[in-house]
Amino acid sequence: MKLKRAFMLGSVLLALIVLASVFIVYITQIRTSTPRPAGSSSTPPAVPSTSFDGYGMYENCRPKDVATCLSHLDTMASAGFQLVINYAQLYGDAQFQKAYLDHAQSVGMKVIVALNKPELYNGADLSSVFPDLVQTCSCSNNHDFIEYVVNLVKNHPALWGYYIGDEVDPADHDQMKRALADVVHQTDPKHPRLFIDTAGHAIAVWHGNSPFSDTAEVLGSDFYPVRDHSPSYPTLDQTAQVASGIQAYTDAHRETSAIVLQAFSYSNYDIPGTPYPTADQMESLLSQTLAHSHPRMILWYSYYDTMASGNPTQHWNDLKSIIARHVPNYIKQE
């Protein structure tokens, strides 16, 4: 009798253990299948997928000679460049804007319109800065001028977007955002804005502490390490660190990244004796960038300095060969 009772008690206990196990599994499944509340820190935020928009060049061709500016686009396009920022673009009139975009489209390039001059957001009188465009603007203030320029170009198929920040002082963030970046986005929300600071400053995108994440969809730093002795400036061997820092910053802010690499000599900027980057050094800059980041674009500074160097043909051919080698490699990584 005691054995029978013990057997029954054991069976009951075993059944309870089995039921408890099933219940625990059921509760676990409910918890793991329930969506996490918004703002949960256990799941990393989604990062926009990155397509490669291409290699680009900085240009500074004043539109006094339209044919020359258009021929520069031919030269860049034939070398494999798909993007251009022409610092002097807005010095031309409305006809020049259309001609420049039309020609870029004809050679397969996109234009990043240079809206980076501080005068656009610091309240300066633009009639003395961009007199040819102001004549056809009928603008009463700088806000109207920015809207006018954006409306002039925003429907052109050769437009990539807008360059709204070039090594802007962090102290100018609020003014630049309010008076320029926000106006551009409100006037044309379909095209991205580009912001670039300098790798040589303590506050920079690649350091992860830039305040400008709310001003653009594509952000990065320029990096020119072949220079005079500057202990505070990162070296060529730190290219990977700069590139990965830019990528980490833009991933954290759910934006896309860009970097500007060196194709000029500081001797162009009154620092005599500074060398032009060699082909191997430019190759190292690009290889480390591609290995440690996935930028939306890679820009080179600059076309006009390269052509003003002591040996423009060699330097340009070096850069062309580097681009040619890496275009297929980058596409394979996508």
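Residues numbered from 1 in each chain as written. Predicted model: local features only at pLDDT ≥ 70, side-chain atom pairs only at ≥ 80, totals over all residues. Heavy atoms only, no water.

So, the environment of Val184
Rule in force here: Helical segments are the DSSP runs of H or I of at least four residues, strand segments are the runs of E of at least two, and each set is numbered from the N terminus.
Residue position: Val184 is located in helix 6 (residues 173-187). As for Val184 and Val150, which are separated by 34 residues in sequence, their C-alpha atoms are 6.8 Å apart.

Points about the side chain of Gln89
Stated precisely, the cut-off is as follows: Burial status follows relative accessibility: with a 1.4 Å probe on protein chains alone, a residue under 20% of its type maximum counts as buried, one over 50% as exposed, and anything between as partly exposed. Two residues form a contact once any of their heavy atoms are found within 4.5 Å.
Along the polypeptide, Gln89 turns up in the loop between strand 2 (83-86) and helix 3 (94-106). Residue Gln89 is classed as buried on the basis of its relative accessible area of 0%. Ignoring sequence-local partners within four residues, the contact set of Gln89 consists of Phe96, Gln97, Tyr100, Val111, Val113 and Ala114.

Observations regarding the nonpolar core
Note the following rule: Put simply, buried Ala, Val, Leu, Ile, Met, Phe, Trp, Tyr and Cys residues joined by side-chain atoms within 4.5 Å make one nonpolar core.
One finds Phe81, Leu115, Leu194 and Trp300 to be the most contacted residues of the largest nonpolar core, which totals 94 residues. Tallying contributions element by element places helix 5 (residues 142-153) first for this core, with 6 residues. If near-sequence neighbours (up to four positions away) are discounted, Leu115 is found in contact with Leu90, Leu120, Val149, Val150, Tyr162, Tyr163, Ile164, Leu180 and Val184.

Things to note about helix 7 (residues 239-252)
Spelled out, the test is: A helix is expected to span 1.5 Å for every residue after the first.
If you check helix 7, its first and last C-alpha atoms are 20 Å apart, about what 14 residues at 1.5 Å a residue would give, namely 20 Å. Phi turns positive one or two residues past the end of helix 7, at Arg254, with a value near 60°.

Re the state of the cysteines
Here is the rule we go by: By disulfide we mean two sulfur atoms from cysteines, separated by a distance within 2.5 Å.
Per the stated rule, a full pass over the model turns up 2 disulfides. The disulfide that involves Cys61 links it to Cys69, with 2.1 Å between the sulfurs. Between Cys61 and Cys69 the disulfide shows an S-S torsion of about -95°. By sign, it is left-handed. Just as Cys61 is buried, Cys69 falls in that class too. The disulfide partner of Cys137 is Cys139, and the S-S distance across this bridge is 1.3 Å. For Cys137, a relative accessible area of 10% translates into the label buried. Using a relative accessible area of 28% as the deciding quantity, one classes Cys139 as partly exposed.

Observations concerning the pairing of strand 8 (residues 297-301)
Successive residues of a regular strand alternate their side chains across the two faces of the sheet. So the rule is basically this: Strands are labelled as partners when DSSP assigns at least two bridges between them.
The buried fraction of strand 8 amounts to 5 of the 5 residues, a majority that puts the element mostly inside the structure. By the alternation rule, side chains of strand 8 split into Met297, Leu299 and Tyr301 and Ile298 and Trp300, which are all buried. Pairing between strand 1 (residues 54-59) and strand 8: 4 bridges, direction parallel. Residue pairing across strands places Met57 opposite Trp300, the latter belonging to strand 8.

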